[in-house]
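Reading the structure
Next come the chains, spelled out residue by residue.
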Amino acid sequence: MNTDGPKADSAPARAGQGRAGQGRAAQGRAARGRAGQGRAAYGHWIGGGWRRPGPGHYPVTNPATEQTVGHAPEADAADVDAAVSAARDAYEGWARTAPRERAAVLDRAAALIAEHAPDLVPLAQAETGATLRVARAMQVPPAADRFRRYARGAVEPDTVPLAPVPVAATPLAPGGLIGAAAIRRPMGVVGCITSYNFPLANLAGKVAPALAMGNTVVAKPAPQDPLCCLELGPLLKEAGLPDGVFNVVTGSGAAAGEALVAHPGVDMVSFTGSTAVGRKIAESAGHSMKRTLMELGGKGAAIVLGDADESVIKSAVGAVGSTWSFHSGQICTAPTRVLVHRSLYEKVIAALTRYARSLTVGDPVDNSTVVGPLISAAQRDRVEAYLAGAREQGARIVVGGERPAAETGFYVAPALITDASPDMTVAQEEIFGPVVVALPFEDEDEAVRIACSTPYGLYDYVFSADAGRAWALAARLRSGNVGINTVQRHPETPFGGFKHSGVGRDGGSFGLHAYSELQSLVWAS
């Protein structure tokens, strides 16, 4: 076993000494520096230190080079139990910590993430296959931003006062003026299971609001790229987070996540990933009435109305093109279906074809590259199977879809599909790759029917020269989020989906609501 990196043997004893002192800070810096070189054999991060994994390690593969980035620990039931026990033991102390103290820890965590971005960005880039542009802008900085945002969130008011109400006497109790308040309380131990597309940023989006509310956390990152998430452990310790408040277990298969969801010591499960896996998690969590937050799949529709002028069409083409240019379409909010008024259909198809052909596919560390690899050979095969199925069903791939001439890497060239019907598999299911399906419509009623015809309802888009018309159309879409003439986001909006795209909302102050329970207090005035 290669142990040139965060150690899986003696580190726990050292890590448990002191609070955010120089020794611990030096240990964290040394661990991160070695990890960035891609030679690390990690342990699980449990109780403030590295724990040697019972079943050993598995390799994490760079999707572009197919070389090993590092070795992640396999978790068995004992590892998961140790992590949950550590979180349970730490819960009462952290929940009772003053909000301002929690805020200070989260603020320091944000600063440390930003400070160590030069180490974290190369590691995130290597294990995700993201282009340098995406890794530098979207893999690491949002993690710092989210800890910084929820440092403020930790001190947001958690009490909603209710007006006193005069109540008549009943056999239950004397009458009088009754006062009340609703107060948000932490859930307890939160299991956070994240997806592979933005591992550190997605985990931070769960961990930061959970910690701000006073919860403790056991994280289980996606198996494909868990190394940056493991690096978060010593970083949070260096920020002053008490041991056991944040823990990480990993595994190459489903066993670790299943054990975490089923564990009786877990009070809530927050999951980002596919609808199929989310359904299984919800079924398991339901047996013990665990609270759940589910951020699931999407099949976003970008509706281009007939009144779109040249400027709006340009915006629409750029937005739809982001399915190809932004992390190779591996994002649940991507506008993977473009619904175009028939009068503009051929014009938009021609513009999208030019856009797709202009994109450079290749080595993600080359600054000229726009489209990098998919996360794994299995995902590449899955995308190619969807393309083959589209051909078999009579659709036409007007550009892309082939494997570029590269010696290594899991690449698929950006693909645009036409001559498809709304009920075809490629127009119904989440592909999670650089594939766009174009569908014409005659009027708004047909556009709404097509947009709402899938099981998903996460993020749709409307492009129109009339913002008021787009606003009105958005009300007819069964979607948790609608962008009008843009794919840009607002950081404070509630994020989540309708239908099979999820349960619950996070983002901004809504993230604090997601990781808390409401308790009503009633008293006689």
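Residues numbered from 1 in each chain as written. Predicted model: local features only at pLDDT ≥ 70, side-chain atom pairs only at ≥ 80, totals over all residues. Heavy atoms only, no water.

1. What to know about empty space enclosed by the protein
Any empty space left between atoms is shown by rolling a water-sized probe over those atoms. Quick note on the threshold: Of the grid points, spaced at 1 Å and generated over the protein atoms alone, those admitting a 1.4 Å probe that cannot get out make up cavities, while open sets with protein on both sides within 12 Å along at least five of seven lines make up pockets; any residue with an atom within 4 Å of a point is treated as lining. Grid points are joined across faces, edges and corners, and a volume is the space filled by probe spheres set on the points. Helix and strand definitions here come from DSSP, where helices need a minimum of 4 consecutive H or I residues and strands a minimum of 2 consecutive E residues; each element is numbered from the N-terminal end. Residues are sorted three ways: Asp, Glu, Lys and Arg are charged, Ala, Val, Leu, Ile, Met, Phe, Trp, Tyr, Cys and Pro are nonpolar, and all the rest, Gly among them, are polar.
Using the criterion set out here, one finds 3 cavities of 30 Å³ or more in the structure. Put simply, the largest cavity is a space of about 50 Å³. Every residue along the wall of the largest cavity is listed here: Trp45, Gly48, Gly233, Leu236, Lys237, Leu241, Pro242, Asp243, Gly244 and Phe246. Looking at the lining of the largest cavity element by element, the count peaks at 3 residues for helix H9 (residues 227-238). A per-class count over the lining of the largest cavity returns 5 nonpolar, 3 polar and 2 charged. In this structure, the second largest cavity spans a volume of roughly 40 Å³. If you trace the second largest cavity, you find it lined by Gly298, Gly329, Ile331, Cys332, Ala334, Thr336, Glu430, Ile431 and Phe432. Within the lining of the second largest cavity, the residues separate by chemical class into 5 nonpolar, 3 polar and 1 charged.

2. Examining the layout of surface pockets
For the second largest pocket, the calculated volume is near 170 Å³. Those elements that place two or more of their residues in the lining of the second largest pocket are helix H4 (99-115) and strand E6 (176-186). Residue contributions to the lining of the second largest pocket peak at 3 residues, all from E6. Class assignment of the residues belonging to the lining of the second largest pocket gives a composition of 6 nonpolar, 1 polar and 5 charged.

3. Some words on the sheet that holds E6
Stated formally: When DSSP finds two or more bridges between two strands, those strands count as paired. Axes, fitted as lines to C-alpha atoms, cover a helix only where it is in contact. Angles between the N-to-C directions of the axes lie from 0 to 180 degrees.
Reading across the sheet, the 3 strands line up as E5-E6-E20 and stay open at both edges, with antiparallel pairing between neighbours. In the strand order of this sheet, the two ends are held by strand E5 (159-167) and strand E20 (516-524), each with one partner. Along the sheet, successive strands turn relative to each other by an average axial angle of 20°, direction set aside. Relative to E6, E5 is paired through 7 bridges, and the arrangement is antiparallel. The residue bridging Thr159 from the neighbouring strand is Ile183, located in E6.

4. Comments concerning helix H13 (residues 345-358)
The cut-off we apply is this: By definition here, a helix of n residues has an expected span of 1.5 Å times n minus one. When a residue's accessible area, from a 1.4 Å probe over protein chains only, is under 20% of the maximum for its type it is buried; when over 50% it is exposed; and in between it is partly exposed. Should any heavy atoms of two residues lie within 4.5 Å, those residues are counted as being in contact.
When the terminal C-alpha atoms of H13 are compared, their 20 Å separation across 14 residues agrees well with the 20 Å that a helix rising 1.5 Å per residue should span. Within H13, burial applies to Tyr345, Val348, Ile349, Ala351, Leu352, Thr353 and Ala356. Those residues of H13 that are buried lie in contact with helix H12 (310-325), strand E13 (337-341), strand E14 (396-399), strand E15 (415-418) and strand E16 (435-441).

5. Some details on the sheet that holds E14
Taken in spatial order, the 7 strands of this open sheet run E14-E15-E16-E13-E12-E17-E18, and their pairing is mixed. If you trace the sheet from one side to the other, it starts and ends with E14 and strand E18 (481-484), each paired once. Across the sheet, the mean angle separating the axes of adjacent strands is 25° when strand polarity is ignored. Pairing geometry for E15 and E16, over 3 bridges, is parallel. Within the sheet, the bridge partner assigned to Ala415 lies in E16 and is Val435. Helix-sheet contacts for H12 involve strand E12 (301-304), E13, E15, E16 and strand E17 (459-463), and the interaxial angle to E16 is about 145°. The strands that helix H14 (residues 377-392) touches are E14, E15 and E16; relative to E15, the one it contacts most, it runs at about 25°.

6. Quick look at the packing of H12 against H13
Filter applied, for reference: If an angle is under 35 degrees, it is roughly parallel; if it is over 145, roughly antiparallel; if it lies from 65 to 115, roughly perpendicular; otherwise it is oblique. In this scheme the crossing of two helices becomes right-handed for a clockwise turn of the near helix relative to the far one and left-handed for an anticlockwise turn of less than a right angle.
Contact geometry for H12 and H13: axes closest at 10 Å, N-to-C directions at 45°. Judged by the inter-axis angle, H12 sits oblique to H13. Once H12 is placed against H13, the crossing between them reads as right-handed. Mapping the contact onto sequence places Glu310, Ile313, Val317, Gly318, Val320, Gly321, Trp324 and Ser325 in H12 and Lys347, Val348, Ala351, Leu352, Tyr355 and Ala356 in H13. In terms of residue class, the contact of H12 with H13 is made up of 9 nonpolar, 3 polar and 2 charged.

7. A word on the packing of aromatic side chains
Here is the rule: Aromatic rings from Phe, Tyr and Trp, with only the six-membered ring used for Trp, were paired whenever their centres fell within 6.5 Å, and each pair was classed as stacked if the ring planes differed by under 30 degrees, edge-to-face if by over 60, and tilted otherwise. A ring has a charge above it when a Lys NZ or an Arg CZ is no more than 6 Å from the ring centre and no more than 35 degrees off the ring normal.
Counted according to the given criterion, the structure contains 6 aromatic pairs. Between the aromatic rings of Tyr196 and Phe432, the centroid separation amounts to 5.8 Å while the plane-to-plane angle is 85°, which identifies the pairing as edge-to-face. One end of the pair, Tyr196, is in the loop between strand E7 (189-193) and helix H8 (199-212); the other, Phe432, is in the loop between helix H15 (425-428) and E16, with 236 residues separating them in the sequence. Judged by relative accessible area, which is 13%, Tyr196 ranks as buried. Taken together, a centroid distance of 5.0 Å and an interplanar angle of 15° make the contact between Tyr459 and Tyr461 stacked. Each member of the pair, Tyr459 as well as Tyr461, is classed as buried. Taken together through their ring pairs, the aromatic side chains of Tyr42, Trp45 and Trp50 make up a single cluster. Sitting over the face of the ring of Tyr150, Arg149 holds its NZ or CZ atom 5.2 Å from the ring centroid.

8. As for unusual backbone geometry
The residue His327 is not glycine, and still its phi comes out positive at about 55°. Here His327 lies in the loop between H12 and E13. We note that Phe432 has phi near 60°; this positive angle belongs to a residue other than glycine. Here Phe432 falls in the buried class, since its relative accessible area comes to 15%.

9. Regarding the nonpolar core
The criterion, for reference: The nonpolar core is taken to be a set of buried Ala, Val, Leu, Ile, Met, Phe, Trp, Tyr and Cys residues, with the residues joined through side-chain atoms within 4.5 Å.
Residues Ile113, Phe147, Leu232 and Phe246 are the most contacted members of the largest nonpolar core, which totals 61 residues. The element contributing the most residues to this core is H8, with 8 residues. Other than its neighbours up to four places away in sequence, Phe246 contacts Trp45, Leu203, Val207, Val217, Ala219, Cys229, Leu232, Gly233, Leu236 and Leu241.

10. Observations concerning the pattern of salt bridges
The cut-off we apply is this: The term salt bridge refers to a side-chain nitrogen of Lys or Arg lying within 4 Å of a carboxyl oxygen of Asp or Glu.
A full pass over the atoms with the stated rule returns 17 salt bridges. Across the pair Arg149 and Glu492 runs a salt bridge whose closest N-O atoms are separated by 2.8 Å. With Arg149 in helix H7 (residues 141-153) and Glu492 in the loop between E18 and strand E19 (502-503), the pair connects residues that are 343 residues apart, well separated along the chain. In this structure Arg149 comes out as buried when scored by relative accessible area, which is 10%. On the accessibility criterion, Glu492 (30% relative accessible area) is partly exposed.

11. Describing the confidence of the model for the chain
Inclusion rule: A score between 0 and 100, pLDDT records how confident the predictor is in each residue.
In this model, the chain carries a mean pLDDT of 93, and residues with pLDDT of at least 70 account for 92%. This model gives residues 1-39 a pLDDT under 50, and the stretch forms 76 contacts once residues within four places in sequence are excluded.

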